[in-house]
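Examination of the molecular architecture
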Amino acid sequence: MAYTTVNKATDNFTNHRYTGNGQNAHAITGVATFQPDLSILKKVEDSSTGDWEVYDALRGATNRIYTNVNAAQDTLASGLQSFNSTGFTLGTNNAINGNGDATTSLNWKANGVGSSNTDGTINSTYTSANTTAGFSAVTFTGTGATATVGHGLGVKPAMIWIKVLNNTDDWNVWMGNKSSNQIGLLNESSGFYTPGTATIDAATTTTDVIGLGAGSPANRSGAPIVAYCWAEIPGYSKFNTYVGNGSTTDGRFVYTGFAPTLVVCKTTASDSWMVYTDKISGATAPTGSALSGIFNRHSLFAEFNAAGDTQSAGSNQGMDMYSNGFKLFEDNGNLNGNGQEYIYMAWGQTLVGTNNIPNNAR
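These notes cover the structure that comes with them. Keep in mind that this is a model prediction, so the values were computed, not measured. (Residues numbered from 1 in each chain as written. Predicted model: local features only at pLDDT ≥ 70, side-chain atom pairs only at ≥ 80, totals over all residues. Heavy atoms only, no water.)

What to know about the sheet that holds strand β21 (residues 297-298)
In plain terms, the rule: Strands are treated as partners if at least two bridges between them are detected by DSSP. Numbering of helices and strands runs from the N terminus; a helix is a DSSP stretch of H or I covering at least four residues, while a strand is a stretch of E covering at least two.
Across the sheet, four strands lie side by side as β18-β25-β24-β21; this open sheet has antiparallel pairing. The sheet is open, and its two edges are formed by β18 (253-255) and β21, each paired on a single side.

Shown next, in the form of structure tokens:
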């Protein structure tokens, strides 16, 4: 059984489902035991579309970017209006506070606004780090030349998301276990690739700094930029790859060492970023075939690169979440294509913490 320094995952990350009311100053409480420092919000199980909206404490409430489009940051007074001690307050924006609309929120704890970090050749505007749970957010101004900027984690990140804020540059996603300087585009379904000029440089990314290449968008000259960094914490978070087997009845099992509550999968080829949580939908009970009666099949998902409503993987397809990982039931290339490589990111909770102390599993 995996041991972890994170004795209670929900003190550091939650996926919380709430219902909008369409009213100004709608306080969503009980989101977490902490004030969120990064919140990603998406309307789910609704026939209308809605963007994934991204807010963080460093850029300040009301300042919005999206995972599903490369639009520049805008300021929306009717969006997420403030971060509170156990949640956030929303304005009338229909995408995240539509009257009666079920909405999911992904929330991480960093360290508030943080402070400037001088570890790299670029001094960050703010670096906010939660070293216990392996998450930090960084804001800085790009130089357009090879550089480094401090991430504050004290260990090498396993995954970095980075976005230019004043331009329509794509999100770059770097996975530490991928070769060289490969990146994926969070707002696109295109495959991972190695850019001609590195954006995030694997060779100069260390326990202290993010390595930045001379290329846009990760280091556009004079541009304000935000980076979200995650380190792998045994028993709490995992960032790795798997190879699909194409089976809808006995799909690939992926060991994480904890019970996942959020799993994101992406083929390294061209297809969507598949987002599964235990809050997008309750576990389903498929009917028919050999899988009839299985109780925890998660067959509803959203896509980080799409603004559509929640989708169904189809009959007896999707993902089961277990106490130590997840198992795939899919023959399509977006999740479990035979012989196809996928990256995944997962967060959750093991049952055993530091010094063999039992955990509250959720």
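Anyway, onward from the coordinates.
Some thoughts on unusual backbone geometry
Filter applied, for reference: Classification of residues uses two cut-offs on accessible area relative to the type maximum, computed with a 1.4 Å probe and protein chains only: under 20% is buried, over 50% is exposed, and between them is partly exposed.
A positive phi angle is found at Ala25, which is not glycine, with a value near 60°. Inspection of the secondary structure assignment puts Ala25 in the loop between β1 (13-19) and β2 (26-28). Using a relative accessible area of 47% as the deciding quantity, one classes Ala25 as partly exposed. A positive phi angle, close to 80°, is found at Thr62, a residue other than glycine. Relative to the elements of secondary structure, Thr62 occurs in the loop between β4 (53-56) and β5 (63-66).

Observations concerning the sheet that holds strand β8 (residues 87-90)
This is how the line gets drawn: Note on definitions: angles span 0 to 180 degrees between N-to-C directions of axes, and those axes are lines fitted to C-alpha atoms, for helices only across the stretch in contact.
If you walk across this open sheet you meet the three strands as β2-β8-β7, and the pairing is antiparallel. The open sheet has two edge strands, β2 and β7 (80-84), and neither has a second partner. Going across the sheet, the axis of each strand differs from the next one's by a mean of 20°, ignoring polarity. Of the strand pairs in this sheet, β7 and β8 are connected by four bridges, and their pairing is antiparallel. From the neighbouring strand, Asn84 faces β8, where its bridge partner is Gly87.

Re the packing of aromatic side chains
The geometry of an aromatic ring pair is captured by two quantities: the separation of the ring centres and the angle between the planes. Let me state the cut-off plainly: When the centres of two rings from Phe, Tyr and Trp lie within 6.5 Å, Trp using its six-membered ring, the rings pair. Their planes under 30 degrees apart give stacked, over 60 give edge-to-face, and anything left gives tilted. In this scheme, the term charge over a ring applies when either NZ of a lysine or CZ of an arginine sits within 6 Å of the ring centre and within 35 degrees of the ring normal.
Using the criterion set out here, one finds 21 aromatic pairs in the structure. Seen from their ring centres, Trp52 and Phe304 are 4.8 Å apart, and the 65° between their planes marks the pair as edge-to-face. One end of the pair, Trp52, is in the loop between β3 (38-43) and β4; the other, Phe304, is in the loop between β22 (300-303) and β23 (311-312), with 252 residues separating them in the sequence. Phe304 carries the same exposure label as Trp52, and that label is buried. One aromatic cluster is present, formed by Phe13, Trp52, Trp108, Phe135, Trp161, Trp171, Tyr228, Trp230, Phe239, Phe304 and Trp347 through successive ring pairs. The ring of Trp273 carries the charged tip of Lys266 above its face, separated from the ring centre by 6.0 Å.

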